[in-house]
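Structural features, examined
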Amino acid sequence: MEILETTSKDQFAAYAAKIVKNECETICKRHSDFALTDKTYEGIMEFSWDHLYQDLLLGAPNTLRIVSSMVTSSIPMPVPSKEFHHALFAIGIILHGRNREATTLQYLNGMVLLHGGCTHQDMKRLAKLGVCVFPETVRNKLQSWQSNLDEKLLEVKEKWCKGDSMTYQLVGDNWDKNIVPSYRTSKNSTQSIHLFNVIGVIDRIVIKKEEGTPVRTVDSMTAVDFIPSEGDIDSLQKELTFLVARSVIQNIKQMEDLFGKIYPGHLEHIHSNEAGMKTSQYSLGLFDCDEKKTADVIRLLQNLTEKYVPKKDGEIVEEVFFGGDRLTDEKIQVAQQAMRNADSGLERLEGFISKIEDFHRLMNFLEAIHRLSYNTQSSRDRGTVHYYRNLLNARNVKGEVKNSYRAYKQLYYTLFDAICCVLFLKKFELDSCDSTIPVPQGIKDWEADQQLQWLNDKCGEIVKEIFPHDLFAELQNVLADPDHEENYWVNSIENDNFKCHFCNSRYKYVTSLKRHEKTKHQVNMSAKVQTTNSLLRQTDELNDYLVSVFRLTALHQNLNSAVDMGDGYRVVRSAKFETPIYNRTNKVKYLIGSGKNNNLSLDEFVEILNRDTKNATHGFQTKDSIVQHSKEFPHLVHAVKHFDAIKKRKGFHKLPSYKEDVKKVLIDLLSINGLEVRPGRTLHCRKIVQKSSNPFSDCFVGLPVMIARHKPELPFRRLRNKNMPL
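Position labels on residues start from 1 in each chain and follow its written sequence. The predicted origin of the model limits local features to residues at a pLDDT of at least 70 and limits the giving and counting of side-chain atom pairs to 80 or more, whereas totals for whole chains, interfaces and linings rest on all residues. Note that the side-chain values use all heavy atoms of the structure and ignore hydrogens as well as water.

The name given to the protein chain in an unreviewed UniProt entry is C2H2-type domain-containing protein, and the organism recorded there is Mya arenaria.

This next bit is on the overall build of the protein chain. Each helix is a run of H or I in the DSSP string that is no shorter than four residues. Each strand is a run of E no shorter than two, and both are numbered from the N terminus. Counting secondary structure elements, the protein chain contains 28 helices and 10 strands. Throughout this description, buried means an accessible area under 20% of the type-specific maximum (1.4 Å probe, protein chains only), exposed means over 50%, and partly exposed covers the range between. Put simply, the protein chain has 726 residues, and 50% of those count as buried. Contacts were defined at the residue level, with two residues in contact if any of their heavy atoms lie within 4.5 Å. Across the protein chain, the fraction of contacts at a sequence separation of at least 24, relative to all contacts at a separation of at least 6, is 75%. About 37200 Å² of surface is accessible on the protein chain, with carbon and sulfur atoms providing 50% of the total. Only four residue types enter the charge count: Lys and Arg as positive, Asp and Glu as negative, with His and the chain ends excluded. Each charge is placed at NZ for Lys, CZ for Arg, CG for Asp and CD for Glu. Here the protein chain holds 98 positive side-chain charges and 93 negative ones, and the gap between their average locations is 6 Å. Calculation of accessible area relied on Shrake-Rupley with a 1.4 Å probe; when residues are assessed, cover is drawn exclusively from the protein chains displayed.

Right, let's talk about the side chain of Asn-487 for a bit. One can find Asn-487 in the loop between helix H19 (473-480) and strand E8 (493-494). Definition of a polar contact: a pair of N or O atoms within 3.5 Å, with one able to donate and the other able to accept a hydrogen when the atoms are protein atoms, and with sequence-neighbouring residues admitted only if both atoms are side-chain atoms. Reaching out from Asn-487, the side chain makes a polar contact with the backbone oxygen of Val-478 at a distance of 2.9 Å. For Asn-487, the contacting residues outside a window of four places in its chain are Val-478, Leu-479, Asp-481, Pro-482 and Pro-704.

DSSP-based pairing: two strands are paired if at least 2 bridges between them are found. Across the sheet, which stays open at both edges, the three strands sit in the order E8-E9-E10 with antiparallel pairing between neighbours. Strands at the two margins of the open sheet, each flanked by one partner only, are E8 and strand E10 (506-507). As judged from the two bridges shared by strand E9 (residues 497-499) and E10, these two strands associate in the antiparallel manner. Within the sheet, the bridge partner assigned to Lys-499 lies in E10 and is Arg-506.

A few words on helix H11 (residues 230-251). By this rule, a helix spans an expected 1.5 Å times one less than how many residues it contains. Taking 1.5 Å as the rise per residue, H11 with 22 residues should run 32 Å; its terminal C-alpha atoms sit 32 Å apart, in good agreement. Summarising burial for H11: 16 of the 22 residues are buried, a large majority.

Turning our attention to helix H5 (residues 61-71). Residues Thr-63, Leu-64, Val-67 and Ser-68 constitute the buried set of H5. Relative to the axis of H5, the buried residues are bounded by an arc of 125° and lie together on one face. Residues of H5 that are buried make contact with helix H2 (9-27), helix H4 (49-59) and helix H6 (82-98). The arc in question is the one spanned by the directions pointing from the helix axis to the C-beta atoms.

Turning next to the pattern of salt bridges. The rule for a salt bridge is simple: a side-chain nitrogen of Lys or Arg has to be within 4 Å of a carboxyl oxygen of Asp or Glu. Scanning all chains against the criterion turns up 30 salt bridges. Put simply, Asp-150 and Lys-307 hold a salt bridge, and the shortest N to O gap is 3.0 Å. A residue pair is termed long-range when its members are at least 10 positions apart, and Asp-150 in the loop between helix H9 (135-144) and helix H10 (151-161) and Lys-307 in helix H13 (residues 294-308) qualify at 157 residues. Look at Asp-150 and you get buried, because its relative accessible area is 5%. As a salt-bridge pair, Glu-239 and Arg-573 come within 2.0 Å of each other at their nearest N and O atoms. One end of the pair, Glu-239, is in helix H11; the other, Arg-573, is in helix H23 (residues 568-584), and 334 residues separate them in sequence. Arg-573 gets classed as buried once you look at its relative accessible area, which sits at 17%. One salt-bridge network, in which partners are shared between bridges, spans Lys-21, Glu-25 and Arg-98.

Right, let's get into the nonpolar core. Within the largest apolar cluster, 99 residues are counted, with the highest numbers of intra-cluster contacts made by Phe-259, Phe-424, Leu-455 and Leu-669. Here this core gets 16 residues from one element, more than from any other, and that element is helix H17 (residues 405-427). With residues near it in sequence (within four places) discarded, Leu-669 still touches Tyr-388, Leu-415, Ala-418, Ile-419, Val-422, Leu-546, Gly-674 and Leu-675. The next biggest cluster of nonpolar side chains, apart from the first, holds 46 residues, and it includes Cys-24, Met-45, Tyr-107 and Met-123. What makes a nonpolar core is a set of buried Ala, Val, Leu, Ile, Met, Phe, Trp, Tyr and Cys residues whose side-chain atoms join them at distances within 4.5 Å.

In this scheme Phe, Tyr and Trp rings, the latter by its six-membered ring, pair at centre separations within 6.5 Å, and the angle between planes marks the pair as stacked below 30 degrees, edge-to-face above 60, and tilted otherwise. Scanning the model with the defined rule gives 19 aromatic pairs in all. Judged by centre distance (6.4 Å) and plane angle (45°), the ring pair of Phe-196 and Phe-322 falls under tilted. Placement of Phe-196 in strand E2 (residues 191-202) and of Phe-322 in strand E6 (residues 320-324) is noted, with a sequence separation of 126 residues between them. With a relative accessible area of 3%, Phe-196 lands in the buried category. One aromatic cluster in this structure is built from Phe-259, Phe-424, Phe-428 and Trp-454. One cation-aromatic arrangement involves Lys-141 over Tyr-107; the distance from NZ or CZ to the ring centre is 5.3 Å. Charge-over-ring placement is defined geometrically: NZ (Lys) or CZ (Arg) within 6 Å of the ring centre, and within 35 degrees of the ring normal. Directly above the aromatic system of Phe-287 lies the positively charged group of Lys-631, at a separation of 3.8 Å from the ring centroid.

What follows deals with the sheet that holds E6. In space, the five strands of this open sheet follow the order E3-E2-E1-E6-E7, with mixed pairing throughout. A strand with exactly one partner marks an edge of an open sheet, and here the two such strands are strand E3 (280-287) and strand E7 (352-356). Across the sheet, the axes of successive neighbouring strands diverge by a mean angle of 30°, strand direction being ignored. As judged from the five bridges shared by E6 and E7, these two strands associate in the parallel manner. Bridged to Phe-321 within E7 is Ile-353. Note on geometry: axes are lines fitted to C-alpha atoms, helical ones only across the stretch in contact, with angles between N-to-C directions running from 0 to 180 degrees. Helix-sheet contacts for helix H24 (residues 602-616) involve strand E1 (168-179), E2 and E3, and the interaxial angle to E1 is about 35°.

Excluding any residue in a salt bridge, patches collect residues exceeding 30% relative accessible area, merging like charges within 9 Å and nonpolar Val, Leu, Ile, Met, Phe, Trp and Tyr side chains within 5 Å. Side chains of Met-1, Leu-4 and Phe-12 sit close together on the surface and give an oily, nonpolar patch of about 310 Å² of accessible area. Mapped onto the elements, Met-1 comes out in the segment before helix H1 (2-7). Looking at Met-1, the relative accessible area reads 67%, which means it is exposed.

Below, the discussion takes up the confidence of the model for the protein chain. Averaged over every residue, the pLDDT of the protein chain is 85; residues scoring 70 or more account for 90%. Counting interchain partners and residues more than four positions distant, the pLDDT-below-50 stretch residues 593-600 has 33 contacts. For every residue, the predictor reports its confidence as pLDDT, a number between 0 and 100. Per-residue pLDDT stays below 50 along residues 717-726; that stretch engages in 37 contacts with residues further than four places along the chain or on separate chains.

Turning our eyes to something else, we now look at the environment of Met-363. Structurally, the position occupied by Met-363 is in helix H15 (residues 358-373). We classify Met-363 as buried; its relative accessible area is 10%. Measuring from C-alpha to C-alpha, the distance between Met-363 and Val-627 comes to 31 Å, with 264 residues separating the pair along the chain. Not counting the four nearest positions on each side in its chain, Met-363 is found in contact with Val-401, Lys-402 and Tyr-405.

A cluster of acidic side chains, namely Asp-33, Asp-38, Glu-42, Glu-46, Glu-151 and Glu-155, defines a negative patch on the protein surface. One can find Asp-38 in the loop between H2 and helix H3 (41-45).

Time to look at the packing of H17 against helix H27 (residues 658-672). Two elements in contact, H17 and H27, have axes whose closest approach is 8 Å; the angle formed by their N-to-C orientations is 55°. One element, H17, and the other, H27, form an angle in the oblique class. Remark: the crossing between H17 and H27 carries right-handed chirality. On H27, the residues touching Gln-410, Tyr-413, Thr-414, Leu-415, Asp-417, Ala-418, Ile-419, Cys-421, Val-422, Leu-425 and Lys-426 of H17 are Tyr-658, Asp-661, Val-662, Val-665, Leu-666, Leu-669 and Leu-670. Residues were grouped as follows: Ala, Val, Leu, Ile, Met, Phe, Trp, Tyr, Cys and Pro as nonpolar; Asp, Glu, Lys and Arg as charged; and all remaining residues, including Gly, as polar. A per-class count over the contact of H17 with H27 returns 13 nonpolar, two polar and three charged. Convention used here: angles under 35 degrees read as roughly parallel, angles over 145 as roughly antiparallel, angles from 65 to 115 as roughly perpendicular, and any remaining angle as oblique. Each crossing gets its handedness from the near helix: less than a right angle anticlockwise from the far helix is left-handed, clockwise is right-handed.

Within E2, nine of the 12 residues are buried, which leaves the element mostly enclosed by the surrounding structure. Pairing of E1 with E2 involves 12 bridges; the strand directions are antiparallel. Looking at the pairing, Tyr-168 lines up with Ile-202 of E2. Two elements, E2 and E3, share six bridges in a ladder whose sense is antiparallel. When the sheet's bridge partners are listed, Ile-202 is paired in E3 with Ser-280.

Right, dumping it as structure tokens:
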């Protein structure tokens, strides 16, 4: 072979070319099941580079070797690598020249070009070179696939109608885009397009439905049912013990060496095994609906009811959850309320149960915490959140929380971890982060359960000091006392009317009742303003501030952890702790709301899908054209991911400076003794001064009326009584 290579190169190359020619003829034959000749929906949308590589290894190994030698000297070729994808892409274009049916890669390339807004003329130029197929061919293929978007959902729906336990839910969000004209005139101005994006998600956890299970009626529920109970506080203490322990392990080197390998990474719950299952979600495309218009929402729900609500003999088999942000939740309820006089449940749009998804809950809860604890005027107050924003040079923490949610969350979590470490060190009367913690002698020789029990006991003591049962005593006592002045107006409701406490007069509006009792019976129940300035001078404002921020951030991190691990029971229970804070910060839209069992923030997925879909609409300049091709965009977004996966990073992305940031805050808190009570210490910025370290103090003001106004008329329905004032 070496002699032929040097003396007869032309003949040697001719025989090699013959081998390659035979291999290519074999794999390009019809019905060969070659990856590049599969033009079906599954063949193109589920295309895999590894599958193509395996087909070449089996059917054309010498061809693969020769082409690989052109891009790398390493034989066999490293998989995956830049050279690997270059060689496969080149083979795809070459084989398309031999067999015009080998177009899988050409279809994918065409979809990528359409996704980026490439003009049809440019696509035609590239199609002549074999890079892609013609644009009309791609459009025809996309149009033929419109029914594939919801094919799986409709299969599940058919089984659901027959009594199968598998279910699904819908999640949607508004889709807005402004199209700026090239030449602006009085008649050719910026177009503001408002559509609605919907996805379907198959539930991973199948709940067995038992007939005869008692369901608590809404009428039997009081305001106390919407705030934490003794059992809820016990559960919270166990959950926060885990979070504090994880924080200590991750940020104190000695604890990491002792417990890092044996302490569990996640808090177990009854659905922990299912939490890691892959979510099956299907984009249903854009719908012509302006979420702000009730008529559009009604039309949308009517279309979705006809197609996705399981029905049998004209009756609803079971309601479908419809998730989204608070605006979506509110508009769906308004649409249902507008149709409540229709003849059947389907016409009343009762096939959907709206709910608030987890990402928006987390963001809005952080907004409430931000209102209570963050102010740019507190930059010279050491120990405040804004002070540490400047200390850590966190320039991305700016503006509103909704525009910088992750940056704000990281800042608050940094302070939370630092406070956890300070409290843990104080437990052993240590005042330096470099001090050696006096652990029991011989703890390394203990059983793993005994070691974990020791750490949990220490962290549990910290949690019980910060979150004692009497933290919510004031709130519980007020809402449970029917004679308290906060419950005065709520107790007079009879058949949606307000009855006078002194005569038989009835009024539709509570303001009318107030005026009646004030003029006729000389009763004035105006709110009493308590003066607390003298009390504040005797307290430690910095310590109260830090403890309050720590308590609120702990609740946020507990909710975030529950969402991450799919702990639906913890997610729902967390709403009881959020409700008083929403009332205090006047975020009444989120006063009563919770998510369902899912560890994927589905509304966040829709937000990402909105962004990708907007990128795919670059080549469209009118609303009609976008709506006409609305069912094609999900396929374009999906096709691009085949190329995005080429540079996909493995493992988890870790922020390299996070531990250093925690250490900086930890050292600063120890130097100012922020977690030690020193009466008389004050803050310069009065806007963030807390009345006490208890963030739930005075949260009861107006809470009974707010709960009564937003309390569901039916389970999962929050059609509020508009007659009751804020």
